[in-house]
Amino acid sequence: MEASKKAVVYIMPQKIQKQRYKDMMKAALKHKFIVAEIFKSNVTHVVTEYETVAQVLKVLKIAALPQHTNLLKVNWFIDSVKARGPVQIQDKHRIPQGDEQVDHKDLPESASLPTPIPEYACQRSTPLKHYNAKFCEALELLQDYAEMREADDDYMRALAWRRASCVLKSLKFPLTSVAQLKGAKDIGKHVEQVLQSILDHGTSDEVEKVRNNPWYQKMKILTKVFGAGTKTAQEWIDKGWSSVAEVKENQTKGDWRLRFGLAFHEDLMELVTRLEADNFTKFIKHQSENLLSGVSVELCGGFKRGKTKGHDIDLLFTHPSKGKESGFLLRLLSVLESKNLILCGKWNKSTYTEEVMYSDSKRTRNNQLDHFEKWIGIIKFPKKWQREISEEELFGEEGENVSLTSESYDESEPAMKKFKSEELSPRDIAAQTRSWIARRVDLIMVPYDQYFYALVGWTGSKQFNRDIRTYAKRTHNYAMTSHGLYDLKERKALPAKSEKEIFDILGVPYFPPEERNC
Ligand code: CTP
Ligand code: MN
Ligand code: MN
């Protein structure tokens, strides 16, 4: 400790949550550290959450640190607070100087970028409409292709294309030169090549080759069927089928999703409009309030992010009084069934336990899975709900609402519970003259103490979720899911009472749903 008596400490506020930063400053002053408010040449200890020297130099806008300045992890500061004074620096405290070391010749240009592009998409505003659709379409086609191929490294490759696309989506100007992306971490050599080619020739050979690849074209069409993943689509192709019509003709087996998905494919390919989603939400809100006063119903997914069309309607339910939500979803389904609005679907009870949070955080691929009670299915959506309609007409004649309880259900096999018409085959039903159109709907019930995390998760985008979860893990060692945020080291949950609070805890600027379209 002797040697570091004259330590002048500078704590880099970036990447440290505001409150935590305040607490650190308080602790520093309490223990009489000399703290620099800004980085100056007399600073001897720089403390940061950044993981590389390059990032720090970029933020400090300098080419190199002075000889006497040590670049340290937050763990040095924590050890020092415990010791009530600056401790001797050990290896574990140092930011590694490996190949991440900045290439000095690169620095002036990247350091002089007007606003450097933040590393994670969750730190950037990503609007629905942006300036670089042409580039993003190409990059996401390559993402698609890699995702379909499903070999191990293809998954990482798919994500790399998507992350690059997300950088382009967040630009506030149309790309005219790849140099404008200098310093953006997700823009690698391969991406630059594709972009350069589009800039030079309007297209990229690599992209066009995939676009014209017959296998890609078939997969693209067949994976659109509700219930068909890449595996099923591949099986169909292996059988020599290349269109949905051919599959429809020949496919005999399959679970309820596939059977209904195929039979109602045309309905489902016609996208859900915002008006339809709003009408449906209003209707469900009305029915829900009748069943359980104070229940909250929120339209999430793409519509929440400002999309005007979507492939389904995602509704999130909660109730502010703990436990009130129990049994509600089944009662609601029972009302929908009594009004003959359910074509098919599957209800799953909640599988949430505190423990799943820690184990889920270790999963990388399936970070989409959550453990909420939910119903996934297809609604017989009255055609008159496709246009503007009065509440009177939407809610139907009063008195028709039979009050049902969950007892009217056969819960002998709750995890497999299905609501569907048994008599006719899906194909028969589809062929009838109908006053309704098939609409995919997700209904998710969330306990209130997990609600705002679920809201972020079900608002998306999917890529936004991936990204904010990676950010939480890498910068704070927190596991983030739709159920909550967990400090893995302390093994404790970090509850939040609003979306904004979640962003604050993570130290990410708050972006409204409309700016989470990455
Ligand atoms: N989601 C989830 N768990 C699932 C399914 C979806 O957390 N089992 C999330 C997705 O990550 C997404 C949001 O819920 O952010 C909505 O999912 P989805 O309906 O598939 O996508 P949208 O963004 O709504 O796109 P679309 O408009 O085409 O429906
Ligand atoms: Mn959706
Ligand atoms: Mn959905």
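Residues numbered from 1 in each chain as written. Chains lettered and ligands numbered in written order. Predicted model: local features only at pLDDT ≥ 70, side-chain atom pairs only at ≥ 80, totals over all residues. Heavy atoms only, no water.

This part is about the overall build of the protein. Along the backbone of the protein there are 22 helices and 14 strands. Buried positions account for 51% of the 518 residues belonging to the protein. Considering only contacts in the protein between residues 6 or more positions apart, those separated by 24 or more positions represent 73%. Of the roughly 25,700 Å² of accessible surface on the protein, 51% is carried by carbon and sulfur atoms. (Helix = DSSP H or I, 4+ residues; strand = E, 2+ residues; numbered from the N terminus. Buried < 20%, exposed > 50% of the residue type's maximum accessible area, 1.4 Å probe, protein only. Contact = heavy atoms within 4.5 Å. Areas by Shrake-Rupley, 256 points an atom, 1.4 Å probe, with all protein chains shown as cover.)

The next thing to look at is the coordination of the manganese ion (ligand 3). Those protein atoms acting as donors to the manganese ion (ligand 3) are Asp312 (OD), Asp314 (OD) and Asp442 (OD), and they sit at 2.0 to 2.3 Å. Taken in sequence order, the residues that donate to the manganese ion (ligand 3) follow the motif D-x1-D-x127-D. Taken as a pair, the manganese ion (ligand 3) and the manganese ion (ligand 2) lie 3.6 Å from each other and share Asp312 as a ligand. Remark: Asp442 occurs in strand β11 (residues 436-445) and Asp312 occurs in the loop between β7 (309-310) and β8 (313-318); sequence separation between them is 130 residues. With relative accessibility at 6%, the residue Asp312 sits in the buried group. (Donors = N, O, S within 2.8 Å, 3.2 Å for Na, K, Ca; no water.)

Looking now at the packing of helix α5 (residues 133-149) against helix α7 (residues 189-201). When two helices pack together, their arrangement is given by the angle between their axes and by how far apart the axes lie. Packing of α5 against α7 brings their axes to within 11 Å, and their N-to-C directions diverge by 135°. One finds that α5 runs oblique with respect to α7. In terms of crossing hand, the pair formed by α5 and α7 is right-handed. Between α5 and α7, the contacting residues are Lys134, Phe135, Ala138, Leu139 and Leu142 on the first element and Val191, Val194, Leu195, Ile198 and Leu199 on the second. Considered class by class, the residues forming the contact of α5 with α7 number nine nonpolar, no polar and one charged. (Axes fitted to C-alpha atoms, helices over the stretch in contact; angles between N-to-C directions. Parallel < 35°, antiparallel > 145°, perpendicular 65-115°, else oblique. Left-handed = near helix turned anticlockwise from the far one by under 90°. Nonpolar A, V, L, I, M, F, W, Y, C, P; charged D, E, K, R; others polar.)

Looking at the element boundaries, Gln450 is found in the loop between β11 and α20 (451-459). By relative accessible area, which is 6% here, Gln450 ends up buried. Look past the residues within four positions of Gln450 in its chain and what remains in contact with it is Tyr352, Phe372, Ser482 and His483.

The interhelical angle for the contact between helix α6 (residues 152-170) and α7, taken along N-to-C directions, is 55°, at an axis separation of 10 Å. Viewed along their axes, α6 and α7 adopt a mutual orientation that is oblique. Classified by chirality, the crossing of α7 by α6 is right-handed. From α6, Trp161, Ala164 and Leu168 reach across to α7, where they touch His190, Val191, Val194 and Leu195. Residues of the contact of α6 with α7, tallied by class, amount to six nonpolar, one polar and no charged.

Turning our attention to the pattern of salt bridges. If the charged atoms of two oppositely charged side chains come close together, the side chains can form a pair. One pass over the structure, following the stated rule, counts 26 salt bridges. The shortest N-O distance in the salt bridge between Arg157 and Asp153 comes to 3.1 Å. With Arg157 and Asp153 both in helix α6 and four residues apart, this pair spans about one turn of that helix. A residue is classified by how much of its surface remains accessible, and Asp153, at 43% relative accessible area, is partly exposed. Arg211 is the salt-bridge partner of Glu208, the closest N and O atoms lying 3.0 Å from each other. Note that Glu208 and Arg211 are positioned in helix α8 (residues 205-211) at a spacing of three residues, about one turn of the helix. By relative accessible area, Glu208 is classed as partly exposed at 24%. When its relative accessible area of 28% is taken as the criterion, Arg211 is described as partly exposed. Where salt bridges share partners, they join Arg149, Asp153, Asp154 and Arg157 into one cluster. (Salt bridge = Lys/Arg side-chain N within 4 Å of Asp/Glu carboxyl O.)

Purely spatial values, then, with no claim about function.
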